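Spelled out from the first residue to the last, the chains are:
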Amino acid sequence: MSNQLFADVLVEVPVFKNDRTYQYRVPEKLEGLVQFGTRVRVPFGKQKVTGFVVGLSARKAVARVKEIIDLVDESLIFREDQLSLAQWLAGYYFCGTVKALQTVVAPVLKKTTPRAVARLYSAVDPVQLPAVREQLSRAPKKKAAIEAALECPGLNKRELAAVAGVSLSVINQLCAMGLLKVKTDSSMRDPYAHYKIVEQNPVSLTGEQSRAVRDVTRAIQQGGHQVFLLHGVTGSGKTEVYLRCIEQVLRTGRQAITLVPEISLTPQMVRLYKARFGRDVAVLHSRMSDGERYDEWSRIENGSAPVVLGVRSAILAPVPDPGLIIIDEEHEPSYKQDEAPRYHARAVALYRARKSRGVLMLGSATPSLESYCRALPGGSYKLINMTTRINGKNMPRVQLVDMRREVQSGNSGIFSLALLQKMREKLHNNEQTIIFLNRRGFKTLVVCRECGMVLKCPRCDISLTYHADGRLRCHYCNYRVQAPKRCPDCGGNQLGYFGTGTQRVEMELAAALPEARILRMDADTTTRKGSHEQILSAFARGEADILVGTQMVAKGLDLPGVTLVGVINADSTLHMPDFRAGERTFQLLAQVAGRAGRGDKPGEVLIQTFTPEHYAVQAASRHDYSAFFQREVTVRKDMGYPPFAKMVRLLVLGKDDTAVQQAADKIRQHLDGFVTRLNGEKIQIVGPAPAPLARLKEDYRWHIILWSADYRQLRLVMEQFWQVTGGVAPGKDLRLSIDVDPMHII
DNA sequence: GGAAACCCTTAA
DNA sequence: TAAGGGTTTCCC
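Quick caveat, the model's predicted, so the values are computed rather than measured.

1. Describing the overall build of chain A
Stage number 1. If you tally the helices and strands in chain A, you get 23 helices and 30 strands.
Stage number 2. The buried share among the 746 residues of chain A stands at 54%.
Stage number 3. Of the roughly 33,800 Å² that chain A leaves accessible, carbon and sulfur atoms contribute 49%.

Here it is, written out as structure tokens:
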């Protein structure tokens, strides 16, 4: 009897509790074919499922072993380093290994088959042509089709039928007659085939830029692991620094990954990389087809595309030996995936860079507190500052408009008199305005319109939100109080609600300035592919005077015609029930402020707010990161919030409110048990409390938040929890989501 | 994800 | 005590 072979298989059943391998016998017919990294079909209970082969052995580990039925794909699906990456993701973010592996190799699993495309060519050679024309003289449709095939070879059947103006059956008949031949091409899809590679004149660098390039280059040449935080004001030329550093790493024979936020991966961005690196660039973004993504993926894998440019998931790309990873706008929350595995691209980048002994460069004008803290003296990152703009222009002037005074003087509308006045002025001068508002505000927030006071939880420093039962509630710890009739601070009785949508702003704007041409850009008007670019380019062409929109107007195109940016309500993000609200507000306002005055004329920014004295608003108005950082860091330290603590959020979801709440209570009890058993008294646990978005898509949502300055203790508790519960919610029709290092708590 | 096993209730 | 339903446990 020949030596038998057994395979360890990670079975693809979407249940956390099966986070382990099962052993199957490799049948004779599949010997040599079933290897590490292949996908197989196996019997599992009464059903047949697919699974990943993650190990092979000659020894049987269990008494009853079933046989592998078949191979699913002919080629390998993953390599060893990809499995380790998946295992790291699963361990760090508490998600199933299978789920993590599926995420890591998603483009391969979703690849569209076949990659070969059937194309039609005329089988008629020039010598026979007159004879064939004669033969088809009484078949005009067929004749037209042949002529079309001669003129445009390489179309598929449907395309040829359309070009010739005949039906599909005519084409089929010609194929049967042997006058048309089908050839299969396996050419790669190249979504950017029409892009031209333009050799640019090398731009000369500013002193700050060349210093940055020099520092990073040195680290690349030394070949060790090193992290840089590139803190550069908007317009300081970070992208050129990236490109130069990538050139350097390519010279060492290694590869580079650049991550940009979804909204920044515009055609211009791609063009910039293509112009410098041509076919060496592989682009990965979420709007490309599965087939396109797969093609880029395999070009990365086989080494023909050493430069990767993409969004969050590009950090999982199968780059053989990443020598440099760049994360642009590293503070952007879109780097966090909001479904399992809830990974942060920056954390994954850190893992990969460390593992491959590569350089990681984080770039931002408004770095996250996490990153900036690590870049302080004595931290593990190296800070590089770029403080001047390459065009030498000053940052736009920012004016704060105190909305409390507007209310006092009898204006309770959306727009302050100052903003209206300015908009009229711009309209008159044929200059453009952007009106920015953040729709992510909650209507339930209660603010005193006279003094700007917002009620906060005495325990959490988090804004309280108003509920239909007339009470205010903290969405971290579930603290509740009766809502006051008057402002507890100034005694005023003008307590107001918040949350103004883009549509309402558009309407009121149309009423106030009937002669203005207005464009609106938000999630509702940009559902179609490319509509985002369409609206922006229409605005850039001057087809409207005012653009009203949410965050998406804060980024994207340079709009030189814009000389005024108005922010409707800075407070709507500032008082979100989230410990990062101040940071988000500062980042958004700083970002928006950078939009105005990109052209020749200087720009102006008007920010309306009920709390002009708040440090986040103040610092943003002066373009002063350092002032903001100093204040914010003290708040975080005092409350023991990240980056001074590690945080985990557990969210229970389900259709039945009481069931969800009971499950959350049960989880809390579990956690308390683990904490006492492990002596983890340094761990804070709050909740269960209803999440700020207490009901979403029919689901009720309750959450529990854990945090601790002692990462190891928190980890032990969570590992214990994962082991005992398997990460599933106690109770039927309930779901549990575990979010490690959450970006927001809504 | 789905079948089988287990567990508890209920009604004659 | 068997049937019924709901829930938990396995699946190499």
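Read on for the rest.
2. Things to note about the packing of helix α19 (residues 581-593) against helix α21 (residues 625-639)
Stage number 1. One can describe the packing of α19 onto α21 by two numbers: an axis separation of 10 Å at closest approach and a directional angle of 170°. Relative to α21, the element α19 lies roughly antiparallel. Only Y625, F628, E632 and R636 of α21 make contact with α19, whose side of the interface consists of G582, E583 and F586.

3. So, the UniProt feature "binding site: Zn(2+) 2" (unreviewed entry) in chain A
Stage number 1. Taking the numbering used here, the UniProt-annotated feature "binding site: Zn(2+) 2" (unreviewed entry) corresponds to C457, C460, C474 and C477.
Stage number 2. In this structure, C457 sits in the loop between β18 (446-448) and β19 (465-466).

4. Focus on the sheet that holds strand β2 (residues 21-25)
Stage number 1. Reading across the sheet, the 6 strands line up as β5-β2-β1-β4-β3-β6 and stay open at both edges, with mixed pairing between neighbours. The open sheet has two edge strands, β5 (66-67) and β6 (70-71), and neither has a second partner.
Stage number 2. Bridge count between β2 and β5: 2 bridges; the pairing is parallel. Across the sheet, R25 pairs through a bridge with E67, a residue of β5.
Stage number 3. The sheet strands contacting helix α2 (residues 97-104) are β1 (6-11) and β4 (47-57), and the helix crosses β1 at an angle near 85°.

5. Some words on the pattern of salt bridges
Stage number 1. Taken as a whole and assessed by the stated rule, the structure comprises 31 salt bridges.
Stage number 2. The shortest N-O distance in the salt bridge between E604 and K426 comes to 3.1 Å. Placement of E604 in strand β26 (residues 604-609) and of K426 in helix α15 (residues 417-428) is noted, with a sequence separation of 178 residues between them.
Stage number 3. Residues E583 and R636 are paired through a salt bridge, measuring 2.7 Å at the closest nitrogen-oxygen approach. Placement of E583 in helix α19 and of R636 in helix α21 is noted, with a sequence separation of 53 residues between them.
Stage number 4. For E583, a relative accessible area of 3% puts it in the buried group.
Stage number 5. Judged by relative accessible area, which is 1%, R636 ranks as buried.
Stage number 6. A network of salt bridges, in which partner residues are shared, links E240, R244, E247 and R276.

6. Topic: the environment of T611
Stage number 1. Mapped onto the elements, T611 comes out in the loop between β26 and α20 (615-621).
Stage number 2. For the pair T611 and D710, spaced 99 residues apart in sequence, the C-alpha separation works out to 35 Å.
Stage number 3. For T611, the residues in contact, after removing those within four places along its chain, are G452, D571, L574, H575 and V617.
Stage number 4. A polar atom in the side chain of T611 sits 2.6 Å from the side chain of D571.

7. Some remarks on the pairing of β1
A regular strand places its side chains so that they alternate between the two faces of the sheet.
Stage number 1. Where burial is concerned, most of β1 is hidden: 5 out of the 6 residues are buried.
Stage number 2. Sheet analysis places β1 next to β4, joined by 6 bridges and oriented antiparallel. Within β4, the residue paired with V11 across the bridge is G51.

8. Notes on the UniProt feature "binding site: Zn(2+) 1" (unreviewed entry) in chain A
Stage number 1. The UniProt entry lists C448, C451, C487 and C490 under the feature "binding site: Zn(2+) 1" (unreviewed entry), expressed in the numbering used here. The largest pairwise C-alpha distance within this set of annotated residues, which runs over 43 residues, is 8.7 Å, so the set is compact in three dimensions.
Stage number 2. Inspection of the secondary structure assignment puts C451 in the loop between β18 and β19.
Stage number 3. Among all residues touching C451, those that are not within four sequence positions of it are R404, C487, D489, C490 and F610.
Stage number 4. Along the chain, the position of C487 falls in the loop between β21 (480-482) and β22 (495-497).

9. Looking at the packing of helix α1 (residues 80-93) against α2
Stage number 1. At a closest axis distance of 8 Å, the pairing of α1 and α2 adopts a crossing angle of 130°. Viewed along their axes, α1 and α2 adopt a mutual orientation that is oblique. α1 and α2 meet at a crossing whose hand is right-handed. The residues of α2 that touch α1, namely those facing Q82, L83, L85, A86, Q87, L89 and A90, are T97, A100, L101 and V104.
Stage number 2. In terms of residue class, the contact of α1 with α2 is built from 8 nonpolar, 3 polar and no charged.

10. What about empty space enclosed by the protein?
Stage number 1. Inspection of every chain in the model, using the stated rule, returns 4 cavities of 30 Å³ or more.
Stage number 2. Here the largest cavity defines a volume of roughly 60 Å³.
Stage number 3. In terms of lining, the largest cavity is formed by H331, R346, S368, E370, R580, E583, R584, Q587 and M743.
Stage number 4. It is α19 that contributes the most residues to the lining of the largest cavity, 3 residues altogether.
Stage number 5. For the lining of the largest cavity, a count of residues per class yields 1 nonpolar, 3 polar and 5 charged.
Stage number 6. Both of domain 3 (207-386) and domain 4 (397-441 + 499-637) provide at least three residues apiece to the lining of the largest cavity.
Stage number 7. When its volume is computed, the second largest cavity comes out at roughly 50 Å³.
Stage number 8. Every residue along the wall of the second largest cavity is listed here: F436, N438, V567, N569, A570, S572, T573, T585, L588 and L589.
Stage number 9. Only α18 (571-574) and α19 provide two or more residues apiece to the lining of the second largest cavity.
Stage number 10. Looking at side-chain class alone, the lining of the second largest cavity contains 5 nonpolar, 5 polar and no charged residues.

Parameters and conventions
- Residues numbered from 1 in each chain as written.
- Chains lettered and ligands numbered in written order.
- Predicted model: local features only at pLDDT ≥ 70, side-chain atom pairs only at ≥ 80, totals over all residues.
- Heavy atoms only, no water.
- Helix = DSSP H or I, 4+ residues; strand = E, 2+ residues; numbered from the N terminus.
- Buried < 20%, exposed > 50% of the residue type's maximum accessible area, 1.4 Å probe, protein only.
- Areas by Shrake-Rupley, 256 points an atom, 1.4 Å probe, with all protein chains shown as cover.
- Axes fitted to C-alpha atoms, helices over the stretch in contact; angles between N-to-C directions.
- Parallel < 35°, antiparallel > 145°, perpendicular 65-115°, else oblique.
- Contact = heavy atoms within 4.5 Å.
- UniProt positions renumbered as here; feature names shortened; annotations may be inferred.
- Pairing = 2+ DSSP bridges.
- Salt bridge = Lys/Arg side-chain N within 4 Å of Asp/Glu carboxyl O.
- Polar contact = N/O pair within 3.5 Å; in protein donor to acceptor, adjacent residues only side chain to side chain.
- Left-handed = near helix turned anticlockwise from the far one by under 90°.
- Nonpolar A, V, L, I, M, F, W, Y, C, P; charged D, E, K, R; others polar.
- 1 Å grid on protein atoms, 1.4 Å probe; cavity = no way out; pocket = protein on both sides within 12 Å on 5 of 7 lines; lining within 4 Å.
- Points joined across faces, edges and corners; volume = space filled by probe spheres on them.
- Domains from an automatic or database assignment.

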